[in-house]
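# Notes for the structure review
In case you want the letters, here they are:
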Amino acid sequence: VSSGDTHRAVLKPVSFLRQVLAVCVYPELLEDKSLPLDVKIRAQKLLEACDGGSVGSYTASSGLSHVRQSIAEFITKRDGIPSFAENIFICAGSQRIAVKLLASGEGTTRTGVLIPAPCPHTLYPLLDEADVVLVPYQLMEEKGWAVELDKLHQALQANRRNCEPRAIYISNPGNPTGHVQDRKSIEEVIQFAAAERLILLVDEVYQDSVYGKDREFISYKKVLFEMDKEYAETVELVSFHSLSSACVGECGMRAGYMEVVNMDPEVMYYFDNTLCGDISTPVTGQLALDLMVIPPQPGDPSYDTYIQVRKQQKPAVTLFTLATLSHNAKRVQEFLNKLPGVSCQPAMGGIYLFPRLHLPCGIKEQAKVGNVPKIMKPYELCTAFCIVSKKVTLVLLSHRLCILVPSDTLDEVLARLSSFHCRLLGGTVTPRDA
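Just so you know, these numbers come straight off a predicted model, no measurement behind them.

## Points about the overall build of the protein chain
- Scanning the protein chain from N- to C-terminus turns up 16 helices and 12 strands.
- Residues classed as buried in the protein chain amount to 52% of the 434 residues present.
- Within the protein chain, contacts between residues separated by at least 24 positions form 69% of all contacts whose residues are at least 6 apart in sequence.
- Accessible area for the protein chain stands at about 19,900 Å²; split by element, carbon and sulfur atoms hold 52% of it.

As structure tokens, then:
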């Protein structure tokens with residue numbers, strides 16, 4: 001309930017995707033009469049895109065050209081804005097590649113990247129590994145984790161003496177906060193990035209999971225290209241999407257893509273060059289990306305079964321699933337807000353809620369600088385993510401909670417959390433409990 005790993009949560013994979021991949025891995029299944037015709041046709045096309053007709057072959061470092069074209073067509077259809085295969089780069093860890101290219105300098109000239117607080121827990125080690133300076137900007141919790149210009153300017157001005165800010169990272173829909181930016185907010189961030197000459201690094205992995213009332217996913221690219229030319233033709237943007245999305249939840253296949261917009265051609269060369277230093281993304285993951293962006297269409301033999309199966313499982317882009325996510329988000333938020341010392345903003349999208357714990361003085365007194373009391377270890381273990389600075393205070397402790405889980409799992413999580421939390425505040429938790 002913290003990792004967002006939907007298959008680990010015992011949710012079934014998308015059958016069409018797995019059937020096509022099975023044929024690609026074992027082509028003899030093309031003779032299997034029990035498989036739908038469109039599964040075989042799709043598998044055959046994907047195999048033809050592989051060198052030697054085999055998933056065992058290497059691919060270009062930037063990914064299979066066939067899959068990059070499919071992704072470009074998906075983005076074009078989504079935004080109504082042309083996308084081009086040469087601007088698509090497939091890799092396992094696309095954010096790491098982008099940050100690696102940004103990293104430079106020493107001391108006060110080191111690259112700085114503005115990041116939201118809170119942010120995805122994997123972002124800290126990624127930036128640390130690249131040796132860039134973290135420049136946190138605070139999301140406004142009381143306003144539903146809104147991105148506000150004042151906070152962006154404050155973060156930038158406070159850190160200019162420590163580094164050279166060169167990029168701003170955005171998570172939309174928010175991980176772990178569940179906020180979804182509207183067009184006005186996105187425009188403001190784009191204008192800020194343009195004025196400060198910052199590259200936009202936009203994580204849009206949960207774009208298929210927006211369920212908040214009067215909210216919809218709008219990509220940064222769409223908004224950018226619908227703005228004046230001074231922005232549309234100059235602001236550099238790198239957007240990310242992956243198989244870890246709620247749509248298919250194939251986290252273990254370790255494949256994603258980035259689309260690079262308005263980047264200088266000489267810099268684009270280095271994207272390819274940097275990727276050449278890595279082993280190409282596993283071919284099965286690349287093929288799964290193709291299946292994610294181009295699923296069965298109405299009239300295909302697999303379509304009816306595909307829709308029926310997806311309606312029976314949580315990680316699917318259907319009204320049923322969005323309604324389920326919305327129901328879980330509302331249910332968990334109401335539950336958490338009834339617990340003593342807990343507050344939680346509503347989620348508009350994504351698969352997480354981010355409650356805050358207001359700890360009493362008795363627990364605060366147990367804390368040492370840079371250390372969490374043993375009594376709090378169960379919270380760390382069950383969430384794998386603590387966001388407030390342990391080096392400063394333990395008055396406010398937050399953790400993310402995944403809501404893309406079966407209802408019986410959710411029931412058990414809430415019951416255990418409530419029991420432990422109430423005993424903790426009542427002072428009845430023993431060392432054995434901890």
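Once the structure has been displayed, the description carries forward.
## A closer look at the environment of Phe225
- Relative to the assigned elements, Phe225 resides in helix H8 (residues 220–225).
- The partly exposed category is assigned to Phe225, whose relative accessible area is 33%.
- For the pair Phe225 and Pro82, spaced 143 residues apart in sequence, the C-alpha separation works out to 9.9 Å.
- The residues contacting Phe225, other than those within four sequence positions of it, are Ile81, Ala232 and Val261.

## With respect to the environment of Glu148
- Secondary-structure assignment places Glu148 in the loop between strand E3 (133–138) and helix H6 (149–159).
- Separated by 41 residues in sequence, Glu148 and Val189 place their C-alpha atoms 8.5 Å apart.
- Dropping the residues within four chain positions of it, Glu148 is found in contact with Met140 and Lys143.
- There is a polar contact of 2.8 Å between the side chain of Glu148 and the side chain of Lys143.

## Quick look at the sheet that holds strand E1 (residues 88–91)
- As summarised here, the arrangement of the seven strands in space is E1-E7-E6-E5-E4-E2-E3, forming an open sheet in which the pairing is mixed. The open sheet terminates on both sides in strands that have one partner only, identified here as E1 and E3. Strand-to-strand twist across the sheet, computed as the mean angle between neighbouring axes with direction ignored, equals 25°.
- Of the strand pairs in this sheet, strand E5 (residues 199–203) and strand E6 (residues 237–242) are connected by four bridges, and their pairing is parallel. Considered in E6, the bridge of Leu201 is made with Val238.
- Against the sheet, helix H3 (residues 65–79) engages E1, E6 and strand E7 (256–261), with an angle of about 120° to E1.

## Quick look at the pairing of strand E4 (residues 164–171)
- In terms of burial, E4 is largely enclosed, as six of its eight residues are buried.
- Where strand E2 (residues 111–117) lies against E4, four bridges are found, and the strand directions are parallel. Paired with Val113 across the bridge in E4 is Ala167.
- Pairing between E4 and E5: five bridges, direction parallel. Among the inter-strand pairings, Ser171 is bridged to a residue of E5, identified as Asp203.
- Taking the sense of rotation as the criterion, the β-α-β connection linking E4, helix H7 (residues 183–196) and E5 turns out right-handed.

## Digging into the side chain of Glu141
- Mapped onto the fold, Glu141 is located in the loop between E3 and H6.
- Leaving out residues up to four positions away in the same chain, Glu141 has contacts with Ser343, Gln345 and Arg356.

## Quick word on helix H16 (residues 407–425)
- In this model, H16 (19 residues) spans 27 Å end to end at C-alpha, consistent with the 27 Å of a helix rising 1.5 Å per residue.
- All of the buried residues in H16 are Leu410, Val413, Leu414, Leu417, Phe420, His421 and Leu424. Seen from one end, H16 has its buried residues packed into an arc of 145°, which puts them on one side. For H16, the exposed residues set more than 90 degrees away from the buried face come down to Asp408 and Arg416.

## Description of the pattern of salt bridges
- All chains considered together, the criterion is met by 13 salt bridges.
- Here Asp411 and Arg331 are joined by a salt bridge, their closest N and O atoms 2.1 Å apart. Of this pair, Asp411 sits in helix H16 while Arg331 sits in helix H13 (residues 319–338), and the two are 80 residues apart along the sequence.
- A relative accessible area of 39% means that Asp411 is categorised as partly exposed.
- Because the salt bridges share partners, they merge into one network encompassing Arg183, Lys222 and Glu226.

## What to know about the packing of helix H1 (residues 15–25) against helix H11 (residues 283–293)
- Packing of H1 against H11 brings their axes to within 10 Å, and their N-to-C directions diverge by 140°. For the element pair H1 / H11, the angle class is oblique. Relative to H11, the crossing made by H1 is right-handed. Counted together, Phe16, Leu17, Val20, Leu21, Cys24 and Val25 of H1 and Thr284, Leu287, Ala288 and Leu291 of H11 form the full contact between these two elements.
- Here the contact of H1 with H11 is composed, by residue class, of nine nonpolar, one polar and no charged.

## Topic: the confidence of the model for the protein chain
- Averaged over all residues, the pLDDT of the protein chain is 84; the fraction at 70 or higher stands at 83%.
- Predicted confidence for residues 380–396 stays below pLDDT 50, and this span has 48 contacts to residues more than four positions away or in other chains.

## Remarks on the packing of aromatic side chains
- What the rule picks out here adds up to two aromatic pairs.
- When the ring of Trp145 is compared with that of Phe354, the centres are 5.6 Å apart and the planes differ by 70°; the resulting orientation is edge-to-face. Highlighted residues: Trp145 in the loop between E3 and H6 and Phe354 in the loop between strand E9 (352–353) and strand E10 (356–358), separated in sequence by 209 residues.
- Ring centres of Tyr206 and Tyr352 lie 6.0 Å apart, and the angle between their planes is 85°; this geometry places the pair in the edge-to-face category. Taken as a pair, Tyr206 in the loop between E5 and H8 and Tyr352 in strand E9 lie far apart in primary sequence, 146 residues in all.
- Of the residues examined, Tyr206 reaches a relative accessible area of 5% and is grouped as buried.
- Against the face of Phe89 rests Arg68, its NZ or CZ located 5.5 Å from the ring centre.
- The positively charged end of Lys221 is found above the aromatic ring belonging to Phe225, 5.7 Å away from the centroid.

Rules used in this analysis
- Residues numbered from 1 in each chain as written.
- Predicted model: local features only at pLDDT ≥ 70, side-chain atom pairs only at ≥ 80, totals over all residues.
- Heavy atoms only, no water.
- Helix = DSSP H or I, 4+ residues; strand = E, 2+ residues; numbered from the N terminus.
- Buried < 20%, exposed > 50% of the residue type's maximum accessible area, 1.4 Å probe, protein only.
- Contact = heavy atoms within 4.5 Å.
- Areas by Shrake-Rupley, 256 points an atom, 1.4 Å probe, with all protein chains shown as cover.
- Polar contact = N/O pair within 3.5 Å; in protein donor to acceptor, adjacent residues only side chain to side chain.
- Pairing = 2+ DSSP bridges.
- Axes fitted to C-alpha atoms, helices over the stretch in contact; angles between N-to-C directions.
- Right-handed = clockwise from strand over helix to strand, strands pointing away.
- Expected span 1.5 Å × (residues − 1).
- Arc of directions from axis to C-beta.
- Salt bridge = Lys/Arg side-chain N within 4 Å of Asp/Glu carboxyl O.
- Parallel < 35°, antiparallel > 145°, perpendicular 65-115°, else oblique.
- Left-handed = near helix turned anticlockwise from the far one by under 90°.
- Nonpolar A, V, L, I, M, F, W, Y, C, P; charged D, E, K, R; others polar.
- pLDDT = per-residue confidence, 0-100.
- Phe/Tyr/Trp six-rings, centres within 6.5 Å; stacked < 30°, edge-to-face > 60°.
- Lys NZ or Arg CZ within 6 Å of the ring centre and 35° of its normal.

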